[in-house]
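Examining the three-dimensional arrangement
Chain by chain, the residues run as shown.
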Amino acid sequence: MILPVLILIPLAGGVVAWLLECGDARRPRWVCLAALTLDLLLVLVLWAVSFPRMDGSAGGWIAELRWSWIPRFGIGLRLAMDGISLLLSALTVFLGIAAVAASWTEIREQVGFFHFNLMWVLSGVLGVFLSLDLFLFYFFWELMLVPMYFLIAVWGHENRIYAAVKFFLFTQLSGLLMLLAILGLYFVHHRATGVYTFDYERLLGTPMGGATSWWLMLGFFAAFAVKLPAVPLHTWLPDAHTEAPTAGSVILAGLLLKTGAYGLLRFAVPLFPEAARAFAPLAMALGAAGILYGALLAFAQSDLKRLVAYTSVSHLGFVMLGIYSGSVLALQGAVLQMICHGLSTGGLFILAGALQERIHTRDMDMMEGLWAVSPRMAGAGLFFALASLGLPGIGNFVAEFLVLLGAYRVDPAVTAVAVVGLVAATVYSLRLVQQTFHGSNVRGWTFPDFTMREMVVMAAMIALLLWIGLRPQTLIDTAAPDLYRIAASVSVASAPAGR
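Residues numbered from 1 in each chain as written. Predicted model: local features only at pLDDT ≥ 70, side-chain atom pairs only at ≥ 80, totals over all residues. Heavy atoms only, no water.

1. Details of the overall build of the protein
Regarding its fold elements, the protein presents 19 helices and two strands. Dimensions of the protein, computed from the C-alpha atoms along their principal axes, are close to 70 × 55 × 45 Å. Relative to all contacts within the protein whose residues are 6 or more apart in sequence, the contacts with residues 24 or more apart total 81%. Side-chain charges of the protein comprise 28 positive and 27 negative groups, with the mean position of each set lying 3 Å from the other. (Helix = DSSP H or I, 4+ residues; strand = E, 2+ residues; numbered from the N terminus. Contact = heavy atoms within 4.5 Å. Lys, Arg positive; Asp, Glu negative; His and termini not counted. Charge placed at Lys NZ, Arg CZ, Asp CG, Glu CD.)

Spelled out as structure tokens, the structure:
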């Protein structure tokens, strides 16, 4: 029962926050904070209880719920959590808390409705990470979209309507392709077995022809590649990230992009292993192209939030490269990259939002010389920039190193191209710090530095990135059994585990 409770707590918290909108604006914030803290405690308890059983080879579900819903059509309420979904659920709840704290003073109108939408997006993300019935998965996939649309369109910046509509159209149209693929798999499975079902485990290994497998796999891939986002399907992302309020940018970059990566890892590859194996060289090339393209575009930006948005295109390219290399090492790196990117990019978006709230601009050409004015913001910005460029000792370095090490054994040429992205990341990260915080304060900026509330959020993110960088084995052991299973399902070159 704990899995539906994890999803229902944010749903209920969002409704209560909306009902408390009249009166003290702090009440919706405290309700959401309490609900997400309770969710985080539940996830940590599950992790603590199940971790001793994660011996690196057995696999299996940490928790599972299987209820009949519409048996006539083979639809069930099937929720399950393994090591991968546990890590991503923990990231979801943690970034949810960070998003509520980051928007504490930024959101001043319709505070209750804002938190209602924020909490429903988080519920949708948790549902995506926990669903093992494809009908239920699609339901939660769609649940994420509408509240995120409102977060951008109502509380966003100057071009918010354009960005919100573009985000909705891209994700909705790609989602419809996935729905067609889900229905196609449903009917193909019935033709082969005589059973109508949306159950993930029963659909694994469905016999089908090569062409059918390819088309169905592409339907799933299109939806997940748009959400990841993969080049050239990324064009909605810079606008949405730039125009969203701080909490929206944190959730978009930290979580919604991870639903695309999770979908590739959980569904697109295991459900169609032969097609995925044949498609892997192209997908790896797309990953490497995204790494380079995102890094080059990031360097060309003067808008701080737009720069961080393009770094996401680059960093998520490592995730696609790792997933389709099929190596256990690279898969471990991809999962670590999903966690570390969520933390480091979330930190950068909170920093960008705090600066915009204080000086009302995102233009880095206007920000020169802020180190003396706001040393705590500058210190946090420097750390997250170093995390973004992959400095050893920080989690992002371990993640990208494992991806490159695993991918090199499969395709050295594509891996060599991806390595160039690390050099470009160094250039745009140092430019971010140099242009924003160093130099002379010629415009005479004076504004308050990070408050204690903001420093607590920053300190928690920094501590987690350092912990993953110095002791990544805990996260690797948590996800390892399930990554072995995924690597084995596609039967591509599996390197020895990095244990």
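2. Some details on the pattern of salt bridges
Within this structure, the stated rule accounts for 15 salt bridges. Note that Arg362 is salt-bridged to Glu158, the shortest N-O span being 3.1 Å. You can see Arg362 sitting in the loop between helix 14 (328-359) and helix 15 (375-389) and its partner Glu158 sitting in the loop between helix 6 (145-155) and helix 7 (160-193), a full 204 residues away along the chain. When its relative accessible area of 55% is taken as the criterion, Glu158 is described as exposed. (Salt bridge = Lys/Arg side-chain N within 4 Å of Asp/Glu carboxyl O. Buried < 20%, exposed > 50% of the residue type's maximum accessible area, 1.4 Å probe, protein only.)

3. Some words on a nonpolar patch on the surface
On the surface, Ile161, Val165, Leu169, Leu173 and Leu176 cluster together into a nonpolar patch covering about 430 Å² of accessible area. Mapped onto the elements, Leu173 comes out in helix 7. We classify Leu173 as exposed; its relative accessible area is 54%. (Patch = residues over 30% accessible without salt bridge, like charges linked within 9 Å, V, L, I, M, F, W, Y side chains within 5 Å. Areas by Shrake-Rupley, 256 points an atom, 1.4 Å probe, with all protein chains shown as cover.)

4. Quick look at the nonpolar core
By size, the foremost hydrophobic cluster in this structure holds 192 residues, and its most contacted members are Leu134, Phe220 and Tyr324. Considering every element that reaches this core, the biggest residue donor is helix 14, with 18 residues. The residues contacting Phe220, other than those within four sequence positions of it, are Leu134, Met178, Ala181, Ile182, Phe267, Ala268, Leu271 and Phe272. (Core = buried A, V, L, I, M, F, W, Y, C linked by side-chain atoms within 4.5 Å.)

5. Regarding the pairing of strand 2 (residues 75-81)
Of all seven residues making up strand 2, six are buried, and the element is well covered by its neighbours. In this structure, strand 1 (residues 63-70) lies alongside strand 2, joined through seven bridges in antiparallel fashion. Bridge pairing in strand 2 places Ala63 opposite Met81. In this structure, the hairpin formed by strand 1 and strand 2 is closed by a connection of four residues, where Gly74 is found at a positive phi of approximately 70 degrees. (Pairing = 2+ DSSP bridges.)

6. Looking at the packing of aromatic side chains
Inspection of every chain in the model, using the stated rule, returns 33 aromatic pairs. Ring centres of Trp69 and Phe135 lie 5.8 Å apart, and the angle between their planes is 70 degrees; this geometry places the pair in the edge-to-face category. Of this pair, Trp69 sits in strand 1 while Phe135 sits in helix 5 (residues 134-143), and the two are 66 residues apart along the sequence. Residue classification places Trp69 among the partly exposed positions, given a relative accessible area of 38%. Here Phe135 falls in the partly exposed class, since its relative accessible area comes to 35%. Judged by centre distance (6.4 Å) and plane angle (90 degrees), the rings of Trp371 and Phe437 are edge-to-face. One end of the pair, Trp371, is in the loop between helix 14 and helix 15; the other, Phe437, is in helix 17 (residues 412-437), and 66 residues separate them in sequence. Here a set of aromatic residues connected by ring pairs shows up, and it is made of Trp18, Phe113, Phe114, Phe116, Trp120, Tyr149, Phe150, Trp155 and Phe168. (Phe/Tyr/Trp six-rings, centres within 6.5 Å; stacked < 30°, edge-to-face > 60°.)

7. Some words on the side chain of Ser325
Relative to the helices and strands, Ser325 is located in helix 13 (residues 304-325). A distance of 2.9 Å separates a polar atom in the side chain of Ser325 from the backbone oxygen of Gly322. (Polar contact = N/O pair within 3.5 Å; in protein donor to acceptor, adjacent residues only side chain to side chain.)

8. Digging into the environment of Phe220
Looking at where Phe220 falls in the secondary structure, it is placed in helix 9 (residues 210-227). The sequence separation of Phe220 and Asp363 amounts to 143 residues, and the corresponding C-alpha distance is 38 Å.

9. Let's talk about the packing of helix 7 against helix 9
Taken N-terminus to C-terminus, the directions of helix 7 and helix 9 make an angle of 150 degrees; their axes are 8 Å apart at the nearest point. By the criterion of interaxial angle, the relationship of helix 7 to helix 9 is roughly antiparallel. Helix-helix and strand crossings are classified by hand; for helix 7 and helix 9 the assignment is left-handed. Of the residues in helix 9, those in contact with Phe170, Thr171, Ser174, Gly175, Leu177, Met178, Ala181, Ile182, Gly184, Leu185 and Val188 of helix 7 are Thr212, Leu216, Gly219, Phe220, Ala222, Ala223, Phe224, Val226 and Lys227. For the contact of helix 7 with helix 9, the residue count by class is 13 nonpolar, six polar and one charged. (Axes fitted to C-alpha atoms, helices over the stretch in contact; angles between N-to-C directions. Parallel < 35°, antiparallel > 145°, perpendicular 65-115°, else oblique. Left-handed = near helix turned anticlockwise from the far one by under 90°. Nonpolar A, V, L, I, M, F, W, Y, C, P; charged D, E, K, R; others polar.)

10. A look at the environment of Gln356
Within the element layout of this structure, Gln356 appears in helix 14. Gln356 sits 31 residues away from Ala387 along the chain, and the two C-alpha atoms are 22 Å apart.

11. Section: the packing of helix 15 against helix 17
Where helix 15 contacts helix 17, the axes come no closer than 8 Å and their chain directions differ by 170 degrees. On the basis of their axis angle, the class for helix 15 and helix 17 is roughly antiparallel. From helix 15, Met377, Ala378, Gly381, Leu382, Ala385, Ser388 and Leu389 reach across to helix 17, where they touch Ala425, Thr426, Tyr428, Ser429, Leu430, Val433 and Phe437. Residues belonging to the contact of helix 15 with helix 17 are distributed by class as follows: 10 nonpolar, four polar and no charged.

12. A few points about helix 3 (residues 83-102)
Helix length check: helix 3 (20 residues) gives 28 Å between terminal C-alpha atoms against 28 Å at 1.5 Å per residue, within 8%. The element helix 3 is largely enclosed, with a buried count of 20 among its 20 residues. Sitting at the head of helix 3, Asp82 places a side-chain oxygen 3.3 Å from the backbone nitrogen of Ile84. (Expected span 1.5 Å × (residues − 1).)

13. A word on the state of the cysteines
Taken as a whole and judged by the stated rule, the model has zero disulfides. Of the cysteine sulfurs around Cys22, a residue in no disulfide, the closest is that of Cys32, at 15 Å. With a relative accessible area of 0%, Cys32 lands in the buried category. (Disulfide = S-S within 2.5 Å.)

14. Details of unusual backbone geometry
A cis geometry characterises the amide bond from Leu228 onward to Pro229, with omega recorded as -5 degrees. As for its position among the elements, Pro229 is in the loop between helix 9 and helix 10 (236-243). For the bond from Val231 to Pro232, the omega torsion is 10 degrees, close enough to zero to count as cis. The residue Pro232 is located in the loop between helix 9 and helix 10 in this model. The backbone phi angle of Gln110 is positive, close to 50 degrees, even though this residue is not glycine. Turning to its location among the elements, Gln110 is positioned in the loop between helix 3 and helix 4 (111-130). Using a relative accessible area of 42% as the deciding quantity, one classes Gln110 as partly exposed. Here the phi dihedral of His360 falls at roughly 60 degrees; this positive angle occurs in a residue that is not glycine. Position of His360 among the secondary structure elements: in the loop between helix 14 and helix 15.

Honestly, it's all geometry; don't read function into it.
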